[in-house]
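The lines below spell out each chain.
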Amino acid sequence: ARPTMSRMLLCRAPAGFRTALGAAKARLLSTTIAPIVCPAEAGTLVGHADVRFLDIRDPRQFEAGHVPGASNAVEFFTYLAMSNPQGVAHMTRTFEERLRAKGISGDERIICYE
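Note that the structure is predicted; figures quoted are calculated from it, not measured.

**Q** Can you help me understand the overall build of the protein chain in this one?
**A** Looking only at helices and strands, one finds 5 helices and 4 strands in the protein chain. Residue burial in the protein chain is summarised as follows: out of 114 residues, 37% are buried. Look at the contacts in the protein chain between residues 6 or more apart in sequence, and 63% of them connect residues 24 or more apart.

What follows is the structure, encoded as structure tokens:
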């Protein structure tokens, strides 16, 4: 099934990803930055060099159809971490490694969708 792009989240991947969790939380809680991107706006961003799409659906759904150029990142949806400092540090390292493996440097905007 093709993704509907009914829910999307736009955020800028922070340099080095060291503060990814805190930065994402701050952005989501900020009233000056709207983190949700409507499907129409997302459609205009497909193919932009500074925007990456992460499909967080099951790999079978991803293979059945996805946004052109998107990477599958189901682990972003399914990853469980302990909420203590060690768990957060492990999650940060894991996501950093996974994002880098997908060619994401930290300078792009990321749109996650399901």
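**Q** Can you walk me through the packing of aromatic side chains in this structure?
**A** Two aromatic rings are characterised by how far apart their centres lie and by the angle between their planes. Here the structure, examined in full by the defined rule, presents 1 aromatic pair. Plain terms: the ring middles of Phe-53 and Tyr-113 are 6.4 Å apart, the flat faces sit at 70° to each other, and that makes the pair edge-to-face. With a gap of 60 residues between them, Phe-53 in strand E2 (residues 51-55) and Tyr-113 in strand E4 (residues 109-113) connect regions that are remote in the sequence. Each member of the pair, Phe-53 together with Tyr-113, is buried.

**Q** Looking at this model, I keep getting lost on the nonpolar core. Mind explaining?
**A** In this structure, Val-37, Ala-42, Leu-45, Val-51, Phe-53, Phe-62, Val-67, Ala-70, Ile-111 and Tyr-113 together form the largest nonpolar core, which totals 10 residues. Of all elements in the fold, only helix H2 (39-45), E2 and E4 reach the threshold of two or more residues within this core. Look past the residues within four positions of Ala-70 in its chain and what remains in contact with it is Phe-53, Phe-62 and Tyr-113. Core analysis: the next-biggest nonpolar cluster, separate from the first, contains 6 residues, Leu-54, Leu-99, Ile-110 and Cys-112 among them.

**Q** How should I be thinking about the side chain of Glu-96 in this particular structure?
**A** With respect to the secondary-structure elements, Glu-96 resides in helix H5 (residues 85-101). Taking relative accessible area as the criterion, Glu-96 reaches 16% and is therefore assigned buried. Within the local environment of Glu-96, its side chain forms a polar contact with the side chain of Arg-100, the two groups lying 2.6 Å apart.

**Q** In this structure, what is going on with H5? I would like to understand it.
**A** Note on helix geometry: an α-helix contains 3.6 residues per turn, so any two residues three or four positions apart are oriented the same way. Its 17 residues give H5 an end-to-end C-alpha distance of 24 Å, which sits within 8% of 24 Å, the value for a rise of 1.5 Å per residue. For H5, every residue scored as buried is listed here: Gly-87, Met-91, Thr-92, Thr-94, Phe-95, Glu-96 and Leu-99. Among the residues trailing H5, Gly-103 stands out with phi positive, at a value near 80°.

**Q** Is there a simple way to think about the pairing of E2 in this case?
**A** Residues in a regular strand point their side chains to alternate faces of the sheet. Burial analysis of E2 places 5 of its 5 residues in the buried class, the great majority of the element. Burial of the side chains of E2 extends over both faces: Val-51, Phe-53 and Asp-55 are buried on one face and Arg-52 and Leu-54 on the other. Of the pairings in the sheet, the one linking E2 to strand E3 (residues 71-72) comprises 2 bridges and is parallel in character. Pairing of Leu-54 across the sheet is with Ser-71, part of E3. Each parallel crossover has a hand, and for E2 linked through helix H3 (residues 59-64) to E3 it is right-handed.

Rules of the game
Residues numbered from 1 in each chain as written. Predicted model: local features only at pLDDT ≥ 70, side-chain atom pairs only at ≥ 80, totals over all residues. Heavy atoms only, no water. Helix = DSSP H or I, 4+ residues; strand = E, 2+ residues; numbered from the N terminus. Buried < 20%, exposed > 50% of the residue type's maximum accessible area, 1.4 Å probe, protein only. Contact = heavy atoms within 4.5 Å. Phe/Tyr/Trp six-rings, centres within 6.5 Å; stacked < 30°, edge-to-face > 60°. Core = buried A, V, L, I, M, F, W, Y, C linked by side-chain atoms within 4.5 Å. Polar contact = N/O pair within 3.5 Å; in protein donor to acceptor, adjacent residues only side chain to side chain. Expected span 1.5 Å × (residues − 1). Pairing = 2+ DSSP bridges. Right-handed = clockwise from strand over helix to strand, strands pointing away.

The analysis is restricted to geometry; functional conclusions fall outside its scope.
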